[in-house]
Amino acid sequence: MKAASIKRRHLRIGMLPLADAVPLLVARELDFFCGQGLDVTLSVEASWAGIRDKLATGLIDAAQLLAPMPLAANLGADRLGVPMETALVLSRNGNSVTVSNELHKEMCAPATEPQAAGRALRRVIERERAAGRPRRVFAHVFPFSSHHYLLREWLHCSGIDADLDVNLIVVPPSRVLQDLSAGRIDGYCVGAPWGMAAEIEGVGHRVLATHMIRPGCAEKVLGVTHDWATLNPAAHLAMVAALIEAGRWLEQPGHRAQAAQMLVDARLIHAPESSVRAALSDDSTDALGPQFVFGAGETLSPHHDDARWFVQQMQRCAQTAKRPNLQGLVDSSFRLRLHGQANAMATSVSAPFAQ
Amino acid sequence: MRVMLIDDDRDRVLMVEEALQAGGHEVIGRFRDTDNIISAVDALQPDIVLIDVDSPNRDTLEYLGQISRDRPRPIVLFAQTSGSETIRRAMRAGVSAYVVDGLSADRLQPVIEVAIARFQESQGLKQELAKAKTKLADRRDVERAKGLLMQRKGVDENTAHETLRRMAMDRNIRLGEVARSLIAASELL
């Protein structure tokens, strides 16, 4: 039934060159897309703004998006206001906060967890403010990103005002190492492998991973425009089903090492190879590792508590002045029922037990 | 209007700049993708930033637009100020525009149109150049492959050419590619 009713079979899906784009690669390389009757081309994009614009104007059919992006689109907070939706969380967790060698030393090499690192940073900021020194600069990847909100959350819980005590800016992941070593930024909250890459290159140290702040936070989603989803319901479900299968496959023992090899072979990420492999390692002894979740239990479902948390963060940092009908906004952005339908179609790989 | 350009393609930057100046606009800065965009925007305060669609720096510009409350900063030009067809054409041509809040659409439109036209032109030129280069390489390699066939098989030029042509048709590839694979194979032996 599923293959026969798909009107649109050839799809272009946009993605950014990051470790957590790996479910898309897996679905293509292991023929999960083909198995659902689709012929998919992956299009590697350079920025989140670019991927959003290409999705909004129909140059690509679907895209890996930062989880808050469909909500921002539906609120009009992205100034584009083309309605978007998701029926699939592609990954959870994965970001870390890294500081420069110089700041790490000033912080007296704190214990690598949020509270100790936060206290250490606040002491540095208070000392430097008293001495009339300029504010420290921290980077994240996009205004509507978990990176931005989790960085703010950590600063806030550490008694640091994200707007007054530090400067927050956006730097593309491929540029963070260069900017950190040149002293243009003092730290950043960016996804794997860019935290560990700083340690391997000797330009910085990770001080915490974001799963220590909000465990299991939705990170990337598969986004489509509302119009596209309405016109292509069968292709949408097939695409989500294929990626659910890829996510489940990634949770089975030994598979992440194979997936890491796919990423390395695709030469997408210009970071040290060992940091790419480590990002997808099964070995969870590295507490600062990304701890990606791709498909255990119900984690691929676009849970509404994530959506509500994102909307709260947008309001907290004044990205939207709207007081939206929260339930309506969340329902139309994070499509639980579609996910359930696609989940029933994902039969080629069995679901693993929840962790 | 005060325009800032961010693009790694030097020829294209020159074309866009000339056309904008002819239209009475001022190009206040040209930057490469690796430059520090934040300090450039801070220092120059442009009315509009034209940037390569596939520049990673677009995310940085997007953020500057988000924090535009205290002073004029670029914001994204989107569907509300211009028809989405213009946006689509701009994206296809490879140009994105970021503008200061409050600029009217009719003042922007000509600048954007100039950029779209010039970006398209540069793409066309590049494709033509690539085509011309391939043609030259094809001719050279076909001559070499013919020479090889004549030498190895002891056939005349016409027969060598016919052999190559048939190989290309059988495999459904260009004559130049057949020639190159033949040359590569003979280098192995």
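This text gives an overview of the structure that appears in the document. Being a predicted model, the structure only gives us computed values, none of them experimental.

**Considering the nonpolar core**
Next, step 1: Leu88, Val240, Ala242 and Leu243 of chain A together with Leu50 and Ala115 of chain B are the most contacted members of the largest nonpolar core, which totals 152 residues.
Next, step 2: Here this core takes 12 residues from helix α11 (residues 233–250) of chain A, the largest share from any one element.
Next, step 3: Residues contacting leucine 243 of chain A, with those up to four places away along its chain left out, are Pro23, Ala27, Leu88, Leu90 and Leu222 of chain A.
Next, step 4: With seven residues, the next largest nonpolar core counts Val142, Ala160, Val178 and Ala179 of chain B among its residues.

**Here's the deal with the environment of glutamate 106 of chain A**
Residues and elements named next belong to chain A.
Next, step 1: Note on placement: glutamate 106 falls in helix α5 (residues 101–106).
Next, step 2: Its 19 C-beta neighbours within 10 Å are what place glutamate 106 among the partly exposed residues.
Next, step 3: Counting along the chain gives 15 residues from glutamate 106 to leucine 121, while the straight-line C-alpha distance between them is 8.4 Å.

**Some remarks on the packing of helix α3 (residues 48–56) of chain A against helix α3 (residues 58–66) of chain B**
The axes of two packed helices give the description: the angle between them and the distance between them.
Next, step 1: Where α3 of chain A meets α3 of chain B, the axes come as close as 7 Å, and the angle between the chain directions of the two elements is 90°. Between α3 of chain A and α3 of chain B, the angle falls in the class roughly perpendicular. Between α3 of chain A and α3 of chain B, the residues in contact are Trp48, Ala49 and Gly50 of chain A and Arg58, Asp59 and Glu62 of chain B, respectively.
Next, step 2: Grouping the constituent residues of the contact of α3 of chain A with α3 of chain B by class yields two nonpolar, one polar and three charged.

**Overview of unusual backbone geometry**
All names here are of chain A.
Next, step 1: Alanine 192 connects to proline 193 through a cis peptide bond whose omega is 10°.
Next, step 2: As for its placement among the helices and strands, proline 193 is situated in the loop between β8 (187–191) and α9 (194–200).
Next, step 3: Of note in the backbone geometry, arginine 267 takes a positive phi value of approximately 50° without being a glycine.
Next, step 4: Within the secondary structure, arginine 267 sits in the loop between α12 (255–266) and α13 (273–279).

**Re the interface of chain A and chain B**
Next, step 1: Facing 24 residues of chain A, the contacting portion of chain B comprises 21 residues.
Next, step 2: Put simply, the parts of the chain that give the side of chain A that touches chain B at least two residues each are α3 and β7 (166–170) of chain A.
Next, step 3: Residue composition of the side of chain A that touches chain B, grouped by class: 13 nonpolar, six polar and five charged.

**A short note on the pairing of strand β2 (residues 26–31) of chain B**
Residues and elements named next belong to chain B.
Next, step 1: Across five bridges, the pairing between strand β1 (residues 2–6) and β2 is parallel. Across the sheet, arginine 2 pairs through a bridge with glutamate 26, a residue of β2.
Next, step 2: What joins β1 to β2 is helix α1 (residues 10–22), and the crossover it makes is right-handed.

**Here's the deal with the sheet that holds strand β6 (residues 136–140) of chain A**
Residues and elements named next belong to chain A.
Next, step 1: Reading across the sheet, the five strands line up as β7-β6-β8-β5-β9 and stay open at both edges, with mixed pairing between neighbours. What marks the edges here is a single partner per strand, and that holds for β7 and β9 (204–209). With direction set aside, neighbouring strand axes in the sheet form an average angle of 25°.
Next, step 2: Here β6 pairs with β7 via five bridges, running parallel. Each residue of the ladder has a partner; that of arginine 136, found in β7, is valine 166.

Reading the values: the criteria
- As a convention, each chain's residues are numbered from 1 in the sequence order in which they are written.
- Ligands are numbered from 1 and chains lettered from A, in the order in which they are written.
- Reporting in this predicted model follows two pLDDT cut-offs: at least 70 for local features of residues, and 80 or more for side-chain atom pairs to be given and counted; totals over whole chains, interfaces and linings ignore these cut-offs and use all residues.
- Here, a nonpolar core denotes buried Ala, Val, Leu, Ile, Met, Phe, Trp, Tyr and Cys residues that are linked to one another through C-beta atoms within 7 Å.
- Think of it as a crowd count around each C-beta: if 20 or more other C-beta atoms lie within 10 Å the residue is buried, if 12 or fewer it is exposed, and in between it is partly exposed, with C-beta placed from the backbone throughout.
- Helix numbers and strand numbers start at the N terminus; a helix is a DSSP run of H or I with at least 4 residues, a strand a run of E with at least 2.
- Note on contacts: residues are paired as contacts if their backbone-placed C-beta atoms lie within 7 Å.
- Only the stretch in contact is used when a helix axis is fitted, and all axes are lines through C-alpha atoms; the angle between N-to-C directions ranges over 0 to 180 degrees.
- By definition in this entry, angles of less than 35 degrees are roughly parallel, angles greater than 145 are roughly antiparallel, angles of 65 to 115 are roughly perpendicular, and the rest are oblique.
- Amino acid classes used here: Ala, Val, Leu, Ile, Met, Phe, Trp, Tyr, Cys and Pro are nonpolar; Asp, Glu, Lys and Arg are charged; the rest, including Gly, are polar.
- Strand pairing follows a simple DSSP-based rule, namely that at least 2 bridges must link the two strands.
- Think of it like this: strands point away, you trace from the first strand over the helix to the second, and a clockwise trace means the crossover is right-handed.

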